[in-house]
Amino acid sequence: MNHQTCDLCGQELLAKSEVRYEVRIEVKAAYDPLALTDEDLAQDVRAEIAKVLRQLDGITEEEAQNDVYRQFEFDLCVACQRRYVMEPLPRTSPAS
């Protein structure tokens, strides 16, 4: 996002139009509210923390962050904004 060129097509912004568009996307882990039970409260908290730390072992800080929260910002020209608004999540085959 440099405010000078469209992040999709590369066209110079504000060359053909007096407006540019900013797109902000947040991707965050969504957890449903937990209903705590007596069994939950009786669990060994230290053991649960150790379990989470083991799950994080061997992954980078960026990988861990990607699992929780990411934010993206893009500049779009008028034409790309129109395409984006019509289909913000283009249908593609899932990556294998």
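Our structure is the block above this text.
This one's a predicted model, so the numbers in the text were calculated from it and none came from an experiment.

**Some words on a nonpolar patch on the surface**
Argument step 1. Judged by side-chain polarity, V45, I49, V52, L53, L56 and I59 come together as a nonpolar surface patch covering roughly 520 Å² of accessible area.
Argument step 2. Tracing the backbone shows L56 in helix α2 (residues 45-56).
Argument step 3. The exposure class of L56 is partly exposed, given its relative accessible area of 39%.

**What to know about the environment of I25**
Argument step 1. With respect to the secondary-structure elements, I25 resides in strand β1 (residues 21-28).
Argument step 2. By relative accessible area, I25 is classed as partly exposed at 26%.
Argument step 3. Between the C-alpha atoms of I25 and R70, which are 45 residues apart in sequence, the distance is 8.2 Å.
Argument step 4. Non-local contacts of I25, meaning those with residues more than four positions away in its chain, are made with R70, Q71, F72, F74 and Y84.

Quick notes on the rules
Residues numbered from 1 in each chain as written. Predicted model: local features only at pLDDT ≥ 70, side-chain atom pairs only at ≥ 80, totals over all residues. Heavy atoms only, no water. Patch = residues over 30% accessible without salt bridge, like charges linked within 9 Å, V, L, I, M, F, W, Y side chains within 5 Å. Areas by Shrake-Rupley, 256 points an atom, 1.4 Å probe, with all protein chains shown as cover. Salt bridge = Lys/Arg side-chain N within 4 Å of Asp/Glu carboxyl O. Helix = DSSP H or I, 4+ residues; strand = E, 2+ residues; numbered from the N terminus. Buried < 20%, exposed > 50% of the residue type's maximum accessible area, 1.4 Å probe, protein only. Contact = heavy atoms within 4.5 Å.

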